[in-house]
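Coordinate inspection notes
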Amino acid sequence: MMTEKSGFPIRWEMLTQKELQAIIEMFNSLDKGMDFSLLDIKRSWVALVLKWRGVSIKNTIDDMLLIDGIAKELDWLIYYDNENKTANINYDCIECLVPRFHGLAGPENYGYDLTFGEYRKLLVIFNEISQGSNVGAYMDMLAGTLYRKYDKKLKRRVAFNPDYDYTRNAKRMPGWLKYYAYLWFGAFCQYLMTSPFIIDGNEINFSAIFTSPDSKNTVPENFIGMNSILFSVAESHVFGTVTDVDNTQLFRILMKLVDDKNRSDELKKSMKL
């Protein structure tokens, strides 16, 4: 069994950019009609990672058994969905594993620099991709929006502009990075609706604002209406106009919603008393 002490990665955060690129490119080869099985891809990737990490691999039975054994423990990385009969990359990391690429900068770890307006736009694009609508064009839009020009003075990517055509950025990006942007945003959305974030030293879970009290599903089939949030928060004048709300950090908006819910819950409890 592989462990963290073994030196071989056992979770996404431990991958180098080269290892990340390799598994995405190998995974995408499945869609190109190449005669590879999922296990073949896992074995090939394991052999590459061992080589890159300084492990001498020869065509001996022991080495082949080592590679095969590690490959069979990689469901955390890539797996086969028996129900849907599809292979899937099991990406669940919201650290940005490719922070910079040829003058472009990706989102901060955990999405802390996303604005509400940026998230709203990305969510619309992501849903279009999930529905199979003009996938190539929307993948360019999503990747180009997430990876923007790096501002050397501010030491971060330039601010989001809703009127800019971010598909231009995608022209500078290889296919594997575009797909990574899609994986990262999908993982971020999933985490946002299910797991806690540490903000200002406090653990905050936003899952309650994405589900109704009587909902049995953690992630609702129809995602929360972001336009409704935009207008309701703008009406409170806490952050300013609709445009101001869109330019506000996503987590500040979500914390406002959590605070509103907490106040509402406390009011309901007091009324029952």
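Structural data are supplied above this passage.
This report concerns the structure included in the present document. For clarity, every value in this text was computed on a predicted model and none was experimentally measured.

So, about the pairing of strand β8 (residues 202-205). Both strand β7 (residues 196-199) and β8 contribute to a ladder of four bridges, which runs antiparallel. Residue pairing in the sheet places Ile-199 in a bridge with Asn-202 of β8. Joining the antiparallel neighbours β7 and β8 is a turn of two residues, in which Asp-200 adopts a positive phi near 55 degrees.

Next up on the list: the packing of helix α1 (residues 17-28) against helix α2 (residues 38-52). Direction vectors running N to C along α1 and α2 enclose 160 degrees, while the axes themselves pass 10 Å from each other. Taken together, α1 and α2 sit at an angle that is classed as roughly antiparallel. The way α1 lies across α2 gives a crossing that is right-handed. Contacts between α1 and α2 involve Lys-18, Glu-19, Ala-22, Ile-23, Met-26 and Phe-27 from the former and Ile-41, Ser-44, Trp-45, Leu-48, Val-49 and Trp-52 from the latter. Partitioned by chemical class, the residues of the contact of α1 with α2 number nine nonpolar, one polar and two charged.

What follows is about the packing of helix α4 (residues 116-130) against helix α7 (residues 175-194). Two numbers describe a pair of packed helices, the interaxial angle and the distance between the axes. Running from amino to carboxyl end, α4 crosses α7 at an angle of 110 degrees, the nearest separation of the two axes being 11 Å. When the axes of α4 and α7 are compared, the pair comes out roughly perpendicular. Mapping the contact onto sequence places Tyr-119, Leu-122, Leu-123, Phe-126, Ile-129 and Ser-130 in α4 and Tyr-182, Phe-185, Gly-186, Phe-188, Cys-189 and Leu-192 in α7. Class assignment of the residues belonging to the contact of α4 with α7 gives a composition of ten nonpolar, two polar and no charged.

The pairing of strands in a sheet comes from backbone hydrogen bonds and takes either a parallel or an antiparallel form. With respect to topology, four strands assemble into an open sheet ordered β3-β4-β5-β6, the strand pairing being antiparallel. Looking at the sheet topology across the chains shown, the edges are occupied by β3 (100-101) and β6 (156-157). By the bridge criterion, two bridges tie strand β5 (residues 148-151) to β6 in an arrangement that is antiparallel. Residue pairing across strands places Asp-151 opposite Arg-156, the latter belonging to β6. Where helix α5 (residues 135-146) meets the sheet, it contacts β4 (104-105), β5 and β6, and its direction lies at approximately 10 degrees from that of β5.

Next up on the list: the nonpolar core. Core analysis: the largest hydrophobic core is formed by 72 residues, its most contacted members being Trp-12, Trp-45, Phe-185, Phe-188 and Phe-206. Listing elements by their share of this core, those giving two or more residues are α1, α2, α3 (61-71), α4, α5, α7, β7 and α10 (250-272). With 14 residues, the single largest contributor to this core is α7. Sequence-distant contacts of Trp-45, that is, excluding residues within four places in its chain, are made with Phe-8, Pro-9, Leu-15, Glu-19, Ala-22, Ile-23, Met-26, Leu-74 and Leu-77.

This paragraph deals with the pattern of salt bridges. Using the criterion set out here, one finds eleven salt bridges in the structure. Its salt-bridge partner being Glu-19, residue Arg-53 comes within 2.7 Å of it at the nearest N-O pair. With Arg-53 in the loop between α2 and α3 and Glu-19 in helix α1, this pair connects stretches of sequence that are 34 residues apart. Taking relative accessible area as the criterion, Glu-19 reaches 2% and is therefore assigned buried. For the salt bridge of Glu-118 with Arg-157, the shortest nitrogen-to-oxygen distance reads 2.8 Å. Pair noted here: Glu-118 is in helix α4 and Arg-157 is in strand β6, with a separation of 39 residues, a long-range link. Each member of the pair Glu-118 and Arg-157 is classed as buried.

Positioned with a positive phi, Lys-85 is a non-glycine residue whose angle comes to about 60 degrees. Mapped onto the elements of the fold, Lys-85 is located in the loop between β1 (78-81) and β2 (86-89). The class for Lys-85 is exposed, based on a relative accessible area of 57%. The backbone of Lys-155 sits at a positive phi, close to 60 degrees, despite the residue not being glycine. Here Lys-155 lies in the loop between β5 and β6. Relative accessible area serves as the criterion here: at 65%, Lys-155 is assigned to the exposed category.

Analysis parameters
- Residues numbered from 1 in each chain as written.
- Predicted model: local features only at pLDDT ≥ 70, side-chain atom pairs only at ≥ 80, totals over all residues.
- Heavy atoms only, no water.
- Pairing = 2+ DSSP bridges.
- Helix = DSSP H or I, 4+ residues; strand = E, 2+ residues; numbered from the N terminus.
- Axes fitted to C-alpha atoms, helices over the stretch in contact; angles between N-to-C directions.
- Parallel < 35°, antiparallel > 145°, perpendicular 65-115°, else oblique.
- Left-handed = near helix turned anticlockwise from the far one by under 90°.
- Contact = heavy atoms within 4.5 Å.
- Nonpolar A, V, L, I, M, F, W, Y, C, P; charged D, E, K, R; others polar.
- Core = buried A, V, L, I, M, F, W, Y, C linked by side-chain atoms within 4.5 Å.
- Buried < 20%, exposed > 50% of the residue type's maximum accessible area, 1.4 Å probe, protein only.
- Salt bridge = Lys/Arg side-chain N within 4 Å of Asp/Glu carboxyl O.

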